[in-house]
Amino acid sequence: MIRVLLADDQTVVRAGFRALLDLTDDLVVVAEAADGVEAVELARTTRPDVVLMDIRMPRADGLQATRRIVADRVLDGVRVLVLTTFEADEYVFEALRAGAAGFLLKDVDPDDLRDAIRTVAAGQSLLAPAVTRRVIEEFARLKRPEAEARERLDPLTDREREVLALVGRGLSNDEIGRRLIMSPLTAKTHVSRAMTKLGARDRAQLVVLAYETGLVRPGEG
């Protein structure tokens, strides 16, 4: 069973998600939080696999709560999936930087929501929705890469930089393998090594780093 914590200040929204997840055999809601502070507290007491985190909540917003959960060593392995009603919500980019595994719009299709929870619970990042990349590109467009940011790539080999650039453009391991004429397993190994060297929590943070360092620029195919 995948254990889920719902964090949203609207009771009706939480009730809707709970009703949906309760009908799914492999997902169970272990707790509900009405604000960011409560979300962090309940994450510590219930140790869910995934937190469905609303961005805009009282006391502490979803961004603050995400940072606290990701930084808490006791909660290592707890994954945060951000929910928002805004495609261009400025907090989404910061949530990804803070360690969120990805995000979805609240009007997501029920089957897509279930699959998203399973995806992040399995340790993967959720970058499939095109809106994720649009948000990252928009903020990269507004912020020029700094020399200090570019220096973060120094530990990478040339091949790892190539792989990181393709991750930043949204390619899967299979697609990276075909592009660079290597097996998907080899591509996955390069991705894992880049994550380790850059201190990235998951693939989502690799995408953010690819843009922040200027390795990938907005609008590149």
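Worth saying up front: this structure is predicted, and the values here are computed from it rather than measured. Within any chain, residue numbers begin from 1 and follow the written order of that chain's sequence. Given that the model is predicted, a residue must reach a pLDDT of at least 70 before its local features are reported, and side-chain atom pairs must reach 80 or more before they are shown or counted; all residues, however, enter totals for whole chains, interfaces and linings. Hydrogen atoms and water are omitted, and side-chain values are computed over all heavy atoms in the structure.

**Focus on the overall build of the protein**
Counting from the N terminus, the helices are DSSP H or I runs at least four residues long and the strands are E runs at least two residues long. Counting secondary structure elements, the protein contains 11 helices and five strands. Working rule for contacts: check all heavy atoms of both residues, and any pair within 4.5 Å makes them a contact. Considering only contacts in the protein between residues 6 or more positions apart, those separated by 24 or more positions represent 68%. Each accessible area is a Shrake-Rupley estimate made with a 1.4 Å probe; only the visible protein chains count as cover when residues are assessed. A total of about 10700 Å² of accessible surface is found on the protein, and carbon and sulfur atoms cover 49% of it.

**Digging into the sheet that holds strand S3 (residues 50-54)**
Strand pairs in the sheet, formed through backbone hydrogen bonds, run parallel or antiparallel to each other. Here, strands pair whenever DSSP counts at least two bridges between them. One open sheet holds the five strands; their spatial order is S2-S1-S3-S4-S5, and the pairing between them is parallel. Single-partner strands in this sheet number two, and they are strand S2 (27-33) and strand S5 (102-105). This sheet shows a mean twist of 25° between the axes of neighbouring strands, independent of strand direction. Relative to S5, strand S4 (residues 79-84) runs parallel, the two sharing four bridges. Paired with Val-82 across the two strands is Phe-103, which belongs to S5. Axis definition: a line fitted to C-alpha atoms, limited for helices to the stretch in contact. Angles are taken between N-to-C directions and run from 0 to 180 degrees. This element, helix H1 (residues 11-22), spans strand S1 (2-7), S2, S3 and S4 of the sheet and lies at about 165° to S2.

**So, the pairing of S1**
Taking burial as the measure, the six residues of S1 include five buried ones, the bulk of the element. In the sheet, S1 pairs with S2 via six bridges, with the strands oriented parallel. In the sheet register, Ile-2 faces S2, and the bridge partner there is Leu-27. Exposure classes here rest on a 1.4 Å probe applied to the protein chains alone. A residue is buried below 20% of its type maximum, exposed above 50%, and partly exposed in between.

**What to know about unusual backbone geometry**
The backbone of Arg-47 sits at a positive phi, close to 50°, despite the residue not being glycine. When you line up the elements, Arg-47 lands in the loop between helix H2 (36-46) and S3. Take Arg-47: its relative accessible area is 41%, and that puts it in the partly exposed class. The residue Arg-59 is not glycine, and still its phi comes out positive at about 65°. With respect to the helices and strands, Arg-59 occurs in the loop between S3 and helix H3 (62-71).

**So, the nonpolar core**
Looking at soluble globular proteins, one finds that nonpolar side chains tend to be buried together. The term nonpolar core refers to a set of buried residues drawn from Ala, Val, Leu, Ile, Met, Phe, Trp, Tyr and Cys, joined through side-chain atoms within 4.5 Å. Ranked by internal contacts, the top residues of the largest apolar core, which has 23 residues, are Leu-164, Val-167, Ile-176, Leu-198 and Leu-206. If you look at the next biggest cluster of nonpolar residues, it comprises 22 residues, including Ala-7, Met-57, Ala-65 and Ala-100.

**A look at the pairing of S4**
Burial runs high along S4: six of the six residues are buried. Residues of S4 alternate between two faces, with Arg-79, Leu-81 and Leu-83 on one and Val-80, Val-82 and Thr-84 on the opposite face, all of them buried. Sheet topology note: the S3/S4 ladder contains five bridges and is parallel. Directly across from Leu-52, in S4, lies its bridge partner Leu-81. Crossover handedness is defined by viewing with both strands directed away from the observer: a clockwise path from the first strand over the helix to the second marks the crossover as right-handed. Between S3 and its parallel partner S4, the chain crosses via H3, and the hand of that crossover is right-handed.

**Digging into the confidence of the model for the protein**
The pLDDT averaged across the protein works out to 83; a share of 83% of its residues lies at or above 70. Ranking the elements of the protein by mean pLDDT puts helix H6 (residues 130-142) last, at 58, and S1 first, at 96. pLDDT expresses how confident the predictor is about each individual residue, on a scale running from 0 to 100.

**Side note on H2**
Regarding H2, the residues found buried are Gly-36, Ala-39, Val-40, Ala-43 and Thr-46. Buried residues along H2 cover an arc of 150° about the axis, so they all sit on one side. Any pair of N or O atoms that falls within 3.5 Å is considered a polar contact. Within protein, one atom must be able to donate a hydrogen and the other to accept it, and sequence-neighbouring residues count only if both atoms are side-chain atoms. With a side-chain oxygen lying 3.0 Å from the backbone nitrogen of Val-37, the N-terminal cap of H2 falls on Asp-35. Two residues or fewer past H2, Arg-47 is found with a positive phi of approximately 50°. In this context, the arc is that of the directions from the helix axis out to the C-beta atoms.

**Some details on the pattern of salt bridges**
We define a salt bridge as a contact between a side-chain nitrogen of Lys or Arg and a carboxyl oxygen of Asp or Glu at a distance within 4 Å. Inspection of the entire model under this criterion finds 12 salt bridges. Between Arg-161 and Asp-154 there is a salt bridge, with its nearest N and O atoms 3.8 Å apart. For Arg-161, a relative accessible area of 28% puts it in the partly exposed group. A relative accessible area of 54% means that Asp-154 is categorised as exposed. Each member of the salt-bridge network shares a partner with another, and the members are Asp-8, Asp-54 and Lys-106.

**Quick look at the packing of helix H10 (residues 184-198) against helix H11 (residues 203-212)**
Two elements in contact, H10 and H11, have axes separated by 10 Å at closest approach and are oriented at 70°. Taken together, the axes of H10 and H11 lie roughly perpendicular to each other. Touching Val-191, Ala-194, Met-195 and Leu-198 of H10 are Arg-203, Leu-206 and Leu-209, all from H11. Of the residues belonging to the contact of H10 with H11, the class tally is six nonpolar, no polar and one charged. Roughly parallel means an angle under 35 degrees; roughly antiparallel means over 145; roughly perpendicular covers 65 to 115; every other angle is labelled oblique. All residues other than Ala, Val, Leu, Ile, Met, Phe, Trp, Tyr, Cys, Pro, Asp, Glu, Lys and Arg, Gly among them, are scored as polar; the first ten of these are nonpolar and the last four charged.

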